[in-house]
Amino acid sequence: MARKGMSVALLAYGDHFAALGLRDAPRSNASETLKKLDRLGVKRQIMISGDNDQTVRSIAGELGMQEVRSGLMPDHKEKLIAELEAAEGSVMMVGDGVN
């Protein structure tokens, strides 16, 4: 399950055990939106996430994204955005609204 980008939850009830695989899924239009941004000239697209690296790389791979930053807390994300702005000149950020 972990190789598929899932977080694993183990449950026990008496003598019964179960493993659940939990995973975030990209929005249905995410891949097409990234392609449109590429066609508009947005060449560098980075997935920035607080999730573990394996999960982030799994989801990014589904979307065709090559560059990821994982395991980041909100303040680290903010610092990374500032560093990218300083290096690149302009940055556009799209969030999922969770944080």
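Let's shift gears to the pattern of salt bridges. The tally for this structure, following the rule as stated, stands at eight salt bridges. Arg44 is the salt-bridge partner of Glu67, the closest N and O atoms lying 2.7 Å from each other. Of this pair, Glu67 sits in strand β4 (residues 67-69) while Arg44 sits in the loop between α1 (30-39) and β3 (46-48), placing them 23 residues apart in sequence. On the basis of relative accessible area, Glu67 is assigned to the partly exposed category, the value being 23%. Glu83 is paired through a salt bridge with Lys79; the nearest N and O atoms lie 3.8 Å apart. On the criterion of helical spacing, the pair formed by Glu83 and Lys79 is a turn pair, its members being four residues apart in helix α3 (residues 74-88). Residue class for Glu83 comes out partly exposed when judged on its relative accessible area of 42%. Owing to a relative accessible area of 52%, Lys79 belongs among the exposed residues under this scheme. Among the ionic contacts, a cluster of salt bridges with common partners joins Arg44, Glu67, Arg69 and Glu88.

With 15 residues, α3 extends 21 Å from end C-alpha to end C-alpha; this agrees with the ideal 21 Å at 1.5 Å per step. Of all the positions in α3, only Leu80, Ile81 and Leu84 are classed as buried. The arc that holds every buried residue of α3, seen down its axis, measures 100°, which confines them to one face. In α3, those exposed residues whose orientation departs by more than 90 degrees from the buried face are Asp75, Glu78, Lys79 and Ala86. Contacts from the buried residues of α3 go to β3 and β4. Once α3 finishes, Gly89 follows within two positions and takes phi at roughly 100°, a positive value.

So, how was this worked out
- Residues numbered from 1 in each chain as written.
- Predicted model: local features only at pLDDT ≥ 70, side-chain atom pairs only at ≥ 80, totals over all residues.
- Heavy atoms only, no water.
- Salt bridge = Lys/Arg side-chain N within 4 Å of Asp/Glu carboxyl O.
- Helix = DSSP H or I, 4+ residues; strand = E, 2+ residues; numbered from the N terminus.
- Buried < 20%, exposed > 50% of the residue type's maximum accessible area, 1.4 Å probe, protein only.
- Expected span 1.5 Å × (residues − 1).
- Arc of directions from axis to C-beta.
- Contact = heavy atoms within 4.5 Å.

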